[in-house]
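# Structure assessment
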Amino acid sequence: MKRRFSVEEARDMIMEPTSGEMLDSETATSSEGESDVDFVVEHHSASSSDLSTESEDDSKDPVTEWTSKRDHVNMTNLNGRRVVRNWSDIDDTDVKAYTGLLILAGVYRSKGESTCSLWDDHSGRAIFRATMSHTKFRLINSTLRFDDTLNRPSHLREDKPAPFRSIWEMWTHRLPMLFNPGRDVCVDEQLVPFKGRCRFRQYMPSKPAKYGLKIWVTADVATSYAWKCQIYTGKADGNAVEVGQGKRVILEMTEELQGVTVTCDHFFTTYSLVQEHLKRKVALVGTIRKNKPELPPKLLQLRGRPVLSSVFAFTKTTTAVIGTYSCRRKTCRWPQVLFFNMIDVSTFNSFVLFTAVDPTWNHTKTHRRRLFLEELRKNLVSVEMMRRDRLPRTMPASTMVQDSQASAAAPTVAPDTDTTASSSTKKRGLCWMCTGEKKSTPVAS
């Protein structure tokens, strides 16, 4: 029987695994002949004997190390003490509120709008001022780090995405454990827009953004769940161009899948890749370039063919999954660009998990994802609003904070049926403009 969980729990399953919660990696793979999309979570608490017999190499696992140390908070505080005078340390609640405001800006389609406009007294939205001050949001946004900047040069020699490696490995390690893809999966690249300085920035003229960071993605076709992600860091310094890159990427991105059909474009499709997938009981569907040596010459001949001898299928509708409610904001730091993209993918994956467990949730409405994001934002920023010491200057934002703190402090009391019944049958009173006297209608003589 599937367990129902809240919107925030769906987000936490993607973004913030606890050290005591372990998931069976075998449930992440799709068994042969299995087509149902299911949500599988298993809880396992390690005993003291298991912990004592744990090897030294396992104790230094980057995923466990990142989860225990909370590097995104510790490194931000460390960087804040170095660059900001009178820095006040932040905690997980502040980061959650910061993330919730980013999601809210994406819901309002305001990712390109200035933060000064979002926090404006007249044209802004009260929820931003009610959650935190504009100064605090800008401080978190400018000092957010995922590694120690002083140790970064030594790490960059061996690993190009070293400033973001720890949180990225934790996140990608988590994705396939929470979802079993269906029969059809798709492997393709995603270009995260970015024009700043980065050693592995790519130029793809066929993409709308043209410049950005390329990520290989394996997604479920039925739900668009991002099942596996991998950053493309380009060729190694001093090495030749990689031969057979498309084949290598497909085999790595579908390594744990069996009994599925993989769809890809002509960049990946080769005859040797099809033969390799057949050994693993995986079907491959994709276009192929006409300059491939394995293609027979008769297939490339166009003379003598009847007109309209080929049949193509197109779909009339296109769904924008990530870009519709994206929280990406303008920044010159590529780790933060990846962090914004990680939030976008995580919120959509959380929505897929939430609706898979509870399909009847707002099933009659066409904007279910927007409602999910608004509920997620509410859960993320509510704690920050409750613990605010100073009220905002504007009345709407101040009222929001007071209502949130009052609802948290008020005890939950069951409603009195007699009082409710009497109040519903009570006669409505007169407004302040009425005198209560019956008005006489003048009669024309």
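Please read all numbers here as calculations on a predicted model, not as lab measurements.

Rules and cut-offs
- Residues numbered from 1 in each chain as written.
- Predicted model: local features only at pLDDT ≥ 70, side-chain atom pairs only at ≥ 80, totals over all residues.
- Heavy atoms only, no water.
- Helix = DSSP H or I, 4+ residues; strand = E, 2+ residues; numbered from the N terminus.
- Contact = heavy atoms within 4.5 Å.
- Areas by Shrake-Rupley, 256 points an atom, 1.4 Å probe, with all protein chains shown as cover.
- Phe/Tyr/Trp six-rings, centres within 6.5 Å; stacked < 30°, edge-to-face > 60°.
- Buried < 20%, exposed > 50% of the residue type's maximum accessible area, 1.4 Å probe, protein only.
- pLDDT = per-residue confidence, 0-100.
- Axes fitted to C-alpha atoms, helices over the stretch in contact; angles between N-to-C directions.
- Parallel < 35°, antiparallel > 145°, perpendicular 65-115°, else oblique.
- Nonpolar A, V, L, I, M, F, W, Y, C, P; charged D, E, K, R; others polar.
- Pairing = 2+ DSSP bridges.

## A look at the overall build of the protein
- A tally of helices and strands in the protein yields 18 helices and 6 strands.
- Considering only contacts within the protein whose residues lie at least 6 apart along the sequence, 64% involve residues at least 24 apart.
- As displayed, the protein has an accessible area near 26900 Å², and 53% of this comes from carbon and sulfur atoms.

## Some details on the environment of P176
- Considering the arrangement of structural elements, one finds P176 in the loop between α11 (165–174) and β1 (184–193).
- As a C-alpha pair, P176 and W227 span 51 residues in sequence and 5.2 Å in three-dimensional space.

## Some details on the packing of aromatic side chains
- Across all of its chains, the model carries 20 aromatic pairs by this definition.
- With a centroid separation of 6.3 Å and an interplanar angle of 50 degrees, the aromatic rings of F164 and W168 are classed as tilted.
- On the basis of relative accessible area, W168 is assigned to the buried category, the value being 4%.
- Among the aromatic residues, those joined into a cluster by ring pairs are F146, F164, W168, W171, F339 and F340.

## Notes on unusual backbone geometry
- Despite not being glycine, N86 has its phi angle at roughly 55 degrees, a positive value.
- Within the element layout of this structure, N86 appears in the loop between α5 (71–83) and α6 (92–107).

## Notes on helix α12 (residues 245–253)
- The set of residues buried in α12 consists of Q245, G246, V249, I250, L251 and M253.
- Elements in contact with the buried residues of α12: β1, β3 (211–220), β4 (226–231), β5 (261–264) and α13 (271–279).

## Looking at the environment of C116
- Along the chain, C116 turns up in helix α7 (residues 115–118).
- Residue class for C116 comes out partly exposed when judged on its relative accessible area of 44%.
- On a C-alpha basis, the gap between C116 and H134 in space is 7.5 Å, while along the polypeptide they are 18 residues apart.

## Let's talk about the confidence of the model for the protein
- Per-residue pLDDT for the protein has a mean of 76; in total, 69% of the residues score no lower than 70.
- Within the model, the stretch residues 419–424 combines pLDDT values under 50 with 0 contacts to residues more than four positions away or in other chains.

## Section: the packing of helix α16 (residues 368–386) against helix α17 (residues 395–409)
- Two elements in contact, α16 and α17, have axes separated by 9 Å at closest approach and are oriented at 90 degrees. With respect to α17, the element α16 is oriented roughly perpendicular. Of the residues in α17, those touching α16 at S382, M385 and M386 are M400, V401, S404, Q405 and A408.
- When grouped by side-chain class, the residues that make up the contact of α16 with α17 number 5 nonpolar, 3 polar and no charged.

## Quick look at the pairing of β3
- Extensive coverage of β3 is indicated by the burial of 9 of its 10 residues.
- Two elements, β1 and β3, share 9 bridges in a ladder whose sense is antiparallel. Its bridge partner being in β3, V185 is matched across the sheet by D220.
- Sheet analysis places strand β2 (residues 202–203) next to β3, joined by 2 bridges and oriented antiparallel. Paired with Q202 across the two strands is G212, which belongs to β3.
- Alignment of β3 against β4, held across 5 bridges, turns out to be antiparallel.

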